[in-house]
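# Summary of the model geometry
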Amino acid sequence: LTVLGLESSCDDTAAAVVRLVDGSTPQILSSVVFGQSELHSAFGGVVPEIAARAHAEKLDVSVRQALDQACVGLDELDAVAVTAGPGLIGGVMSGVMCAKGIASATGLPLIGVNHLAGHALTPRLTDRVGYPYLMLLVSGGHCQYLIVHGPQAFTRLGGTIDDAPGEAFDKTARLLGLPQPGGPSVEVEGRLGDPKRFRFPRPLLDRPDCNLSFSGLKTALMRLRDQLVAEQGGLTRQDRADLCAGFQAAIVDTLAEKTRRAMKIYLEETPDTPVLAVAGGVAANASIRSALEEVCGEMGIGFVAPPLRLCTDNAAMIAYAGIELFLAGAHDSMTLSARPRWPLDQNSPALLGSGK
Ligand code: ATP
Ligand code: FE
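Not measured: the values here are computed from a predicted model. (Residues numbered from 1 in each chain as written. Chains lettered and ligands numbered in written order. Predicted model: local features only at pLDDT ≥ 70, side-chain atom pairs only at ≥ 80, totals over all residues.)

In the UniProt entry, the feature "binding site: Fe cation" (unreviewed entry) is given for His115, His119 and Asp313. Spatial clustering of the annotated residues is evident: they stretch over 199 residues in sequence, but the largest pairwise C-alpha distance comes to 8.9 Å. Those residues in contact with His115, other than ones at most four positions away along the chain, are Ser9, Thr83, Gly85, Pro86 and Gly87. Considering the arrangement of structural elements, one finds His119 in helix H4 (residues 115-126). Its 30 C-beta neighbours within 10 Å are what place His119 among the buried residues. With near-sequence residues (within four places) excluded, His119 lies in contact with Leu137, Ala279, Gly280 and Met317. (UniProt positions renumbered as here; feature names shortened; annotations may be inferred. Contact = placed C-beta atoms within 7 Å. Helix = DSSP H or I, 4+ residues; strand = E, 2+ residues; numbered from the N terminus. Buried ≥ 20, exposed ≤ 12 C-beta atoms within 10 Å, placed from the backbone.)

Shown next as structure tokens:
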């Protein structure tokens, strides 16, 4: 079973070919990603119109390269899978139209994939992880806990009610004059800092649920920075390092504690081999990773962190999700539409209407 996947929901144009070997082992035959960060860097964020145009220009090149690198012809494919949401609508539409074009020209089945399902199923692409497993998705745009029961069955236990952690790292870097993306710069700067010098809040830890909030950290950081500037006329290297260390420690503590709570709910399902898997760019953070590993050790749960290139946006995860959906008998018709919002679990009481 060989599936072509397309991804264009944010600022990466990607195509990949994934094959299921012997009916059970997924193999990534190619994974092409064209990033757009240099197109958006002057604007301080992704500009939807620029992103959509860049996707439209790059999709056919990505598909050609993905097929060439995989040494697979269109006639050897079994299906075309495409991110159909959630995301920036212009980009998602470009991908869906491209996939429809390929499907109608070849007669291949078309499979619309939820971008978040792509991230959530990645641990099964890279490791032998059985259902149900617990997933923490932490990226620039998302932060949520999911119990993954199957390719179309997710229970959302909770998530951020405002910013995603990656967003908070990026804003912090901006406030301190550090380069983007903020996550790696704040992490490196914070290594030299004292996490206890400044007090940062630990939001929502007084609530028993799995929801998180990160926007207060940014406000706290802004206040501390302005106070230092008023007192001493500017920030020293040490001030910056201490602010980064304190900010990161607050994120680490909050994620560790909420993960413990999510695990308790997950363990009530008595999984045979309990696993916590992570996805999203923020999972690259060494302190966050080791805190999560420690919580897993404490609770007797396995820890799976796919390689970073598969944790951030890519099309191999979309092709793989397409394989699982195909095997489950799901496919779409030419009326497949692009969805700006598409929560994984429509019925979850924890859903806060963010669409994230
Ligand atoms: P999404 O995939 O949710 O649409 P995105 O494409 O912005 O959002 P990713 O590509 O998964 O997200 O991850 C990028 C984010 O990860 C950025 O916000 C970046 O600052 C953050 N990040 C990357 N490395 C680190 C790190 N070492 N520590 C903390 N954050 C990090
Ligand atoms: Fe993503």
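What follows covers the sheet that holds strand S5 (residues 110-114). Across the sheet, which stays open at both edges, the five strands sit in the order S3-S2-S1-S4-S5 with mixed pairing between neighbours. Strands with a single pairing partner mark the edges of an open sheet, and in this sheet they are strand S3 (25-35) and S5. If you compare each strand with its neighbour and ignore which way they point, the axes differ by 20° on average. One ladder, built from five bridges, connects strand S4 (residues 79-85) with S5; its direction is parallel. (Pairing = 2+ DSSP bridges. Axes fitted to C-alpha atoms, helices over the stretch in contact; angles between N-to-C directions.)

On to the site of ligand 1, then. Near ligand 1 lie 20 residues; those nearest to it are Gly140, Gly141, Gly166, Gly183 and Gly281. At the level of elements, helix H5 (165-175) and helix H6 (182-190) are the ones that each hand at least two residues to the shell around ligand 1. Counting residues per element, the shell around ligand 1 draws most heavily on H6, at four residues. By residue class, the composition of the shell around ligand 1 is six nonpolar, 11 polar and three charged. (Near = placed C-beta within 6 Å. Nonpolar A, V, L, I, M, F, W, Y, C, P; charged D, E, K, R; others polar.)

Another point: the packing of helix H7 (residues 215-232) against helix H8 (residues 237-267). Describing two packed helices takes the angle between their axes plus the distance from one axis to the other. It is at 11 Å that the axes of H7 and H8 come closest, and there the two elements cross at 160°. Compared by their axis directions, H7 and H8 come out roughly antiparallel. The way H7 lies across H8 gives a crossing that is right-handed. For the pair formed by H7 and H8, the contact residues are Leu217, Leu221, Leu224, Arg225 and Leu228 on the first element and Asp239, Leu243, Phe247 and Ala250 on the second. Across the contact of H7 with H8, the residue classes tally to seven nonpolar, no polar and two charged. (Parallel < 35°, antiparallel > 145°, perpendicular 65-115°, else oblique. Left-handed = near helix turned anticlockwise from the far one by under 90°.)

Attention now goes to the UniProt feature "binding site: substrate" (unreviewed entry) in the protein. Within this structure's numbering, the places UniProt gives as "binding site: substrate" (unreviewed entry) are Leu137, Val138, Ser139, Gly140, Gly141, Asp170, Gly183, Glu187 and Asn285. Along the chain, the position of Leu137 falls in strand S6 (residues 133-138). Not counting the four nearest positions on each side in its chain, Leu137 is found in contact with Leu116, His119, Ala120, His142, Cys143, Gln144, Leu146, Ala279 and Gly280. If you trace the backbone, Glu187 turns up in helix H6. The exposure class of Glu187 is buried, given the 20 C-beta atoms found within 10 Å. Other than its neighbours up to four places away in sequence, Glu187 contacts Gln248, Asn285 and Ala286.

If you look at the biggest cluster of nonpolar residues, it comprises 108 residues, and the most contacted ones within it are Ala16 and Ala319. The element that contributes the greatest number of residues to this core is H8, accounting for 12 residues. Discounting residues that sit within four places of it in the chain, Ala319 has contacts with Val3, Leu4, Gly5, Ala16, Val17, Val18 and Ala81. (Core = buried A, V, L, I, M, F, W, Y, C linked by C-beta atoms within 7 Å.)

This part covers helix H11 (residues 316-327). For H11, spanning 12 residues, the distance from its first C-alpha to its last is 17 Å, which sits close to the expected 16 Å at 1.5 Å a residue. Among the 12 residues of H11, 10 are classified as buried, and the element is accordingly described as predominantly covered. Listed as buried for H11 are Ala316, Met317, Ile318, Ala319, Tyr320, Ala321, Gly322, Ile323, Glu324 and Leu325. Within two residues after H11, Gly329 carries a phi angle of roughly 85°, on the positive side. (Expected span 1.5 Å × (residues − 1).)

Turning our eyes to something else, we now look at the environment of Met222. Residue position: Met222 is located in helix H7. Spatially, the C-alpha atom of Met222 lies 42 Å from that of Tyr320, the residues being 98 residues apart in sequence.

Contact geometry for H5 and H6: axes closest at 7 Å, N-to-C directions at 65°. By the angle between their axes, H5 is roughly perpendicular relative to H6. The hand of the H5/H6 crossing is left-handed. Across the interface between the two elements, Gly166, Phe169, Asp170, Lys171, Thr172, Ala173 and Arg174 from H5 touch Gly182, Gly183, Ser185 and Val186 from H6. Tallied by class, the residues present in the contact of H5 with H6 amount to three nonpolar, five polar and three charged.

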